[in-house]
Amino acid sequence: EVVPEGTEGGQVVWERHAWDHLIQNVNPALPNYGNPSDHPGRFDVNYGEVSSGGGPGGPGSGTGGDWFHCNAVAFHPGLNQIVLNSRNWNEFYIIDHATSTEEAAGFAGDLLYRWGNPAAYGRGTSSDQVLYTQHDPHWLTDEGPTSLGGNPDATMLVYNNGNARPSGPASTVDELTLPLQPDGTYFLGDDAAYGPASLDWVYPQFPFLDFFSPNISGAQRQPNGNTLICEGSDGQLFEITPD
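What counts as what
Residues numbered from 1 in each chain as written. Predicted model: local features only at pLDDT ≥ 70, side-chain atom pairs only at ≥ 80, totals over all residues. Heavy atoms only, no water. Helix = DSSP H or I, 4+ residues; strand = E, 2+ residues; numbered from the N terminus. Rg over C-alpha atoms; globule rule 2.2 N^0.38 Å. Buried < 20%, exposed > 50% of the residue type's maximum accessible area, 1.4 Å probe, protein only. Contact = heavy atoms within 4.5 Å. Areas by Shrake-Rupley, 256 points an atom, 1.4 Å probe, with all protein chains shown as cover. Lys, Arg positive; Asp, Glu negative; His and termini not counted. Charge placed at Lys NZ, Arg CZ, Asp CG, Glu CD. Pairing = 2+ DSSP bridges. Axes fitted to C-alpha atoms, helices over the stretch in contact; angles between N-to-C directions. Salt bridge = Lys/Arg side-chain N within 4 Å of Asp/Glu carboxyl O. Core = buried A, V, L, I, M, F, W, Y, C linked by side-chain atoms within 4.5 Å. Polar contact = N/O pair within 3.5 Å; in protein donor to acceptor, adjacent residues only side chain to side chain.

K.L.:
How would you explain the overall build of the protein if you had to name every residue and give the values?
P.N.:
When helices and strands are tallied, the protein shows one helix and 15 strands. Its C-alpha radius of gyration of 18 Å places the protein within 12% of the 18 Å reference for a compact globule of 243 residues. By its C-alpha atoms, the protein is 55 × 45 × 35 Å across when sized along the principal axes. Out of the 243 residues belonging to the protein, those deemed buried represent 43%. A fraction of 49% describes how many contacts in the protein between residues 6 or more apart in sequence connect residues 24 or more apart. Total accessible area on the protein is roughly 12,200 Å²; 53% of this is exposed by carbon and sulfur atoms. Side-chain charges of the protein comprise 7 positive and 30 negative groups, with the mean position of each set lying 6 Å from the other.

Next comes the structure, spelled out in structure tokens:
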């Protein structure tokens, strides 16, 4: 978090590092040893692959370290929470902003919530994966109504790009209700993955190959309940009704 100074300068007033929140179950002699499934608030350092330089679709120089490929950030001022999106891990994360930088480096900075790919924290398999190289997760708080009339502070909209989707490469726009509890935490069963187990609303109901953007893209709910969709790779904007 940066406070601007003049037209070019700025001061970092808050930060959180993923590298402070690791877990690994390979070597008990190394730091952060434990079972990833017992620590869903931490990142399994052995999960995923580090891509070459340039990112997805870019020139592969072999010198990159594109592990998470986080491509979005949104802030919820009422909850004082931040959502981050990881394209490469096929999940998004919610972290607590009500911490100091020092606190964020400790257990208080562990993930509050994650969703999309429970295999990343040892509480699921590839068959449980829902998100595929997604973009633009954000709360519906400042947009239009939720599809089921629920709490917009607990409802997320995300563009699910659909790369490597088992049914074939096709995009969807997904809406889900988060398991938000009154104290601002998120419910998680002892051995379960974070819910929800199903989506509130999805467009299209059945993915088809003609609607597919392998990268970028996003969606916004409009005040009248319509959804404005940016199919990024094709450079197409279109609006759909709730039906």
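K.L.:
Summarise the sheet that holds strand β13 (residues 218-221); cite the residues concerned and give the values.
P.N.:
One open sheet accounts for three strands, arranged β13-β14-β15; its pairing is antiparallel. The two strands at the open ends of the sheet, each matched to only one other strand, are β13 and β15 (236-240). On average, each strand axis in the sheet is tilted by 15° relative to the strand beside it, whichever way the strands run. Across five bridges, the pairing between strand β14 (residues 227-231) and β15 is antiparallel. Considered in β15, the bridge of L228 is made with E239.

K.L.:
Give a detailed account of the environment of T241, specifying residues and quantitative values.
P.N.:
Within the secondary structure layout, T241 lies in the segment after β15. Spatially, the C-alpha atom of T241 lies 39 Å from that of E49, the residues being 192 residues apart in sequence.

K.L.:
Before we move on, could you go through unusual backbone geometry and cite the residues and values that matter?
P.N.:
Omega for the peptide link from G195 to P196 comes to 15°, which places this bond in the cis form. With an omega dihedral of -15°, the bond running from Y203 to P204 counts as a cis peptide bond. Inspection of the secondary structure puts P204 in the loop between β12 (201-203) and β13. Positive phi, close to 55°, is recorded for N80, a residue that is not glycine. Along the chain, the position of N80 falls in the loop between β5 (70-76) and β6 (81-86). A positive phi angle, close to 60°, is found at N90, a residue other than glycine.

K.L.:
I'd like to hear about the sheet that holds strand β11 (residues 172-177), residue by residue, with values.
P.N.:
Backbone-to-backbone hydrogen bonds join strands into a sheet, with any given pair of strands oriented parallel or antiparallel. With antiparallel pairing, four strands are arranged side by side in an open sheet as β9-β10-β11-β12. In this open sheet, the two edge strands, each paired with only one partner strand, are β9 (135-139) and β12. The average undirected angle you get between the axes of adjacent strands in this sheet is 10°. For strand β10 (residues 155-160) and β11, the ladder comprises six bridges, and the chain directions are antiparallel. Counterpart to L157 in the pairing with β11 is E175.

K.L.:
Hey, could you go over the pattern of salt bridges for me, with residue numbers and the actual values?
P.N.:
Two side chains with opposite charge may pair up if their charged atoms get near one another. Enumeration over the complete set of coordinates arrives at three salt bridges. Taking the shortest distance from any N to any O, the salt bridge between R114 and E91 comes out at 2.7 Å. In this pair, R114 sits in strand β8 (residues 113-115) while E91 sits in strand β7 (residues 91-96), placing the two residues 23 residues apart along the sequence. Linking R221 and E175 is a salt bridge whose minimum nitrogen-to-oxygen distance equals 2.9 Å. One end of the pair, R221, is in strand β13; the other, E175, is in strand β11, and 46 residues separate them in sequence.

K.L.:
Talk me through the nonpolar core; I want residue IDs and the actual numbers.
P.N.:
With 16 residues, the main nonpolar core has F92, I94, Y113, M156, L176, L178 and Y186 as its most contacted residues. In this structure, F43, F68, L111 and A120 belong to the second largest nonpolar core, which totals twelve residues.

K.L.:
Quick one: what's the story with the side chain of H138, residue by residue and with numbers?
P.N.:
Along the chain, H138 turns up in strand β9. One polar contact links the side chain of H138 to the main-chain carbonyl oxygen of D136, over a distance of 2.9 Å.

K.L.:
Explain the pairing of β5 to me, using residue names and the numbers behind them.
P.N.:
One ladder, built from six bridges, connects β5 with β6; its direction is antiparallel. Residue pairing across strands places H76 opposite Q81, the latter belonging to β6. If you look at the hairpin formed by β5 and β6, you'll find four residues sitting between the two strands, and N80 has a positive phi there, around 55°.

K.L.:
Before we move on, could you go through the environment of R42 and cite the residues and values that matter?
P.N.:
Structurally, R42 is set in the loop between β3 (22-23) and β4 (43-44). Ignoring anything within four residues of it in the chain, the contact list for R42 reads D20, H21, L22, I23, N32, F107, D110 and R114.

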